[in-house]
Amino acid sequence: MNPSIEIIPISKRIDDSIIHLKKITIGSGSPRLFIGASIHGDELTPIAVIWKLIEYFRVSEVKGTLTMISGMNPEGIAFKKRVDPYFNTDLNRVYPGDPEGTLPQRIANAIYRIAIEHDVVLDLHTAGNCIPFILLDPIEGDLRKEVEDLALSMGITVLDEYLGDKYEALKLGNSLPPQVLKKDIPSFTVELPGGSNIDWTGVNVGFKAILNLMIHLGMVDAKKNEITETFVLGELGYRRYDVFANRAGILENFVRLGEFVEKFTPLGVSRDFVGNVVEWIKSEKTGYVISLPSRSIVYPADRVYLLAVKE
Ligand SMILES: [Zn+2]
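Note that this is a predicted model, so its numbers are computed, not measured.

J.: I would appreciate a short explanation of the sheet that holds strand β11 (residues 249-253) in the present structure.
T.: Strands pair in a sheet through their backbones, by hydrogen bonds, and they do so in one of two ways: parallel or antiparallel. In spatial order, the strands read β14-β13-β11-β16; together these 4 strands make up an open sheet with antiparallel pairing. Edge positions in the open sheet fall to β14 (277-282) and β16 (297-298), since each of these has one partner strand only. When strand β13 (residues 266-271) meets β14, the two strands line up antiparallel, connected through 5 bridges. Residue pairing for β14: G268 is matched across the bridge by I281.

J.: Sorry if this is basic, but what is going on with the packing of helix α4 (residues 141-153) against helix α7 (residues 200-216) here?
T.: The geometry of a pair of packed helices is captured by two quantities: the angle between their axes and the separation between those axes. Two elements in contact, α4 and α7, have axes whose closest approach is 7 Å; the angle formed by their N-to-C orientations is 125°. Our classification of the angle between α4 and α7 gives oblique. Across the interface between the two elements, D149, L150 and S153 from α4 touch N212, L213 and H216 from α7. When grouped by side-chain class, the residues that make up the contact of α4 with α7 number 2 nonpolar, 3 polar and 1 charged.

J.: What should I look at first to understand the environment of G194 in this one?
T.: Its place among the elements puts G194 in the loop between β9 (187-192) and α7. Aside from chain neighbours lying at most four places away, what touches G194 is T45, T126, A127, G128 and D199.

J.: Please explain the layout of surface pockets as it appears in this structure.
T.: Gaps left between atoms are located by rolling a probe of water-molecule size over the structure's atoms. Reported here for the largest pocket is a volume of approximately 910 Å³. Contributions of two or more residues to the lining of the largest pocket are made by β5 (120-126), β9, β10 (239-244), β15 (287-292), β16 and β17 (303-309). At 3 residues, the largest contribution of residues to the lining of the largest pocket is made by β10. Within the lining of the largest pocket, the residues separate by chemical class into 11 nonpolar, 13 polar and 13 charged. Taken domain by domain, the makeup of the lining of the largest pocket includes at least three residues from each of domain 1 (4-216) and domain 2 (239-309).

J.: Would you mind going over the domain arrangement of the protein chain with me for this structure?
T.: A common way to state how big an interface is: give the accessible area lost once the parts meet. Domain assignment breaks the protein chain into domain 1 (4-216) and domain 2 (239-309). On a C-alpha basis, the centres of domain 1 and domain 2 stand 29 Å from each other. Tallying the contact residues gives 14 residues for domain 1 and 14 residues for domain 2. Roughly 1200 Å² is buried in total at the junction of domain 1 and domain 2, and carbon and sulfur atoms are behind 56% of that figure. Run the count over domain 1 and domain 2 and you get 2 salt bridges. With a closest N to O distance of 2.5 Å, K166 and D242 form a salt bridge. The interface formed by domain 1 and domain 2 contains 9 residue pairs in polar contact (both at pLDDT 80 or more). Its residues assigned to classes, the side of domain 1 that touches domain 2 shows 9 nonpolar, 2 polar and 3 charged.

J.: Where do I start with the environment of H20 in this structure?
T.: Topologically, H20 is positioned in strand β2 (residues 18-28). A relative accessible area of 23% means that H20 is categorised as partly exposed. For the pair formed by H20 and L236, sequence separation is 216 residues and the distance between their alpha carbons is 38 Å. For H20, the contacting residues outside a window of four places in its chain are I7, I8, P9, I10 and P74.

J.: Would you mind showing me how to read the nonpolar core here?
T.: Soluble, globular proteins show a tendency: their nonpolar side chains are buried together. In terms of nonpolar packing, the biggest core is built from 43 residues, with I35, L122, M154 and F188 touching the most fellow members. For this core, the element with the most residues is α7, which contributes 9 residues. Excluding its chain neighbours within four sequence positions, the residues that come into contact with L122 are L33, F34, I35, G36, M154, F188, I210 and L213. Ranked by size, the runner-up nonpolar core spans 22 residues in total, among them I8, I19, L21 and Y112.

Cut-offs and rules
Within any chain, residue numbers begin from 1 and follow the written order of that chain's sequence. In keeping with the predicted nature of the model, local features appear solely for residues at pLDDT of at least 70, side-chain atom pairs appear and are counted solely at 80 or more, and the whole-chain, interface and lining totals rest on all residues. Side-chain numbers come from the whole structure's heavy atoms, not from hydrogens or water. Here, strands pair whenever DSSP counts at least two bridges between them. Numbering of helices and strands starts at the N terminus; helices are DSSP runs of H or I of at least 4 residues and strands are runs of E of at least 2. Between the N-to-C directions of two axes lies an angle of 0 to 180 degrees, each axis being a line fitted to C-alpha atoms and, for a helix, fitted only over the stretch in contact. Just so you know how the angles are binned, under 35 degrees is roughly parallel, over 145 roughly antiparallel, 65 to 115 roughly perpendicular, and the rest oblique. Whether two residues touch is decided by their heavy atoms; if any such pair falls within 4.5 Å, the residues are in contact. Just so you know the grouping, Ala, Val, Leu, Ile, Met, Phe, Trp, Tyr, Cys and Pro go in nonpolar, Asp, Glu, Lys and Arg go in charged, and all remaining residues, Gly too, go in polar. Residues are called lining when one of their atoms sits within 4 Å of a cavity or pocket point, these points coming from a 1 Å grid over the protein atoms alone, where a cavity is a set in which a 1.4 Å probe fits but cannot get out and a pocket is an open set with protein on both sides within 12 Å along at least five of seven lines. Grid points are joined across faces, edges and corners, and a volume is the space filled by probe spheres set on the points. Domain ranges listed in this record stem from an automatic or a database domain assignment. Here the quantity called buried area is the total loss of accessible area, with a 1.4 Å probe, experienced by two parts when brought into contact, counted for both. The rule for a salt bridge is simple: a side-chain nitrogen of Lys or Arg has to be within 4 Å of a carboxyl oxygen of Asp or Glu. The term polar contact refers here to a pair of N or O atoms within 3.5 Å; inside protein, the definition further demands a hydrogen-donor-capable atom paired with an acceptor-capable atom, and it admits residues adjacent in sequence only when both atoms are side-chain atoms. The buried label goes to any residue with under 20% of its type's maximum accessible area, the exposed label to any with over 50%, and the partly exposed label to all in between, with areas taken from a 1.4 Å probe on protein chains only. We define the nonpolar core as a collection of buried residues of types Ala, Val, Leu, Ile, Met, Phe, Trp, Tyr and Cys that are connected through side-chain atoms lying within 4.5 Å of one another.

This is the structure:
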């Protein structure tokens, strides 16, 4: 099946050229799955996942509708920036947006309006040197159960978002999935490895995980893919937890992705130019290592590790 590509005009640049989104549609009817990629312009692995899905469905059938927007932050991607380059706005903090607002609000609103026409909505991101994982927003009841079942069907690690205070402080309630959930539509975030560089193992795992979801939804007739390329924490009830550096230094890492660490285990040590220890970076909680530092230089308040913890 060949995709149909629709241009969604948003606004014009100062040179009169059109800022637009490309809406890619494969198939028709129900169920309807929406996949958005790279609302953060420096997170490119998800775009390659969409390339792979387009290729796959050129020779395979979709039952229902697969809608994708590849490059949800076109100007950020063009300028190699996470945010929108004109207003320095994080597009994933302004949903549901505003059709008469600023450019970032207009882009977010156009995406939101397309997303809520679907039965399931996925938002693809990257989280650096990490295992692939799903993030669930804080919701309760039947919708929570539905979201959990869909997330688990993908075959990768499923984590809960930060606790309330941090969730509020980071304005995560204005990202796409929680705004879609308000419409009673199941939605969640998928974090893949990589960033400005595409991580090709992440592309493969992301692709397989999405096919698993589509098999679960009855959209694809195939055998479920086993995810063997990466660690998978096969249990719900863990949440993401950051470990920060307190001082500037050069880090020696001691742990691997997926490693189980007890509370107070040293994850790494940072040193100065002559090798003196500046800081032992310890796990603070018992859990699994979900992401490692992408760079060896750390600064105060840098998030150095991400853990999956139960408390
Ligand atoms: Zn992101």
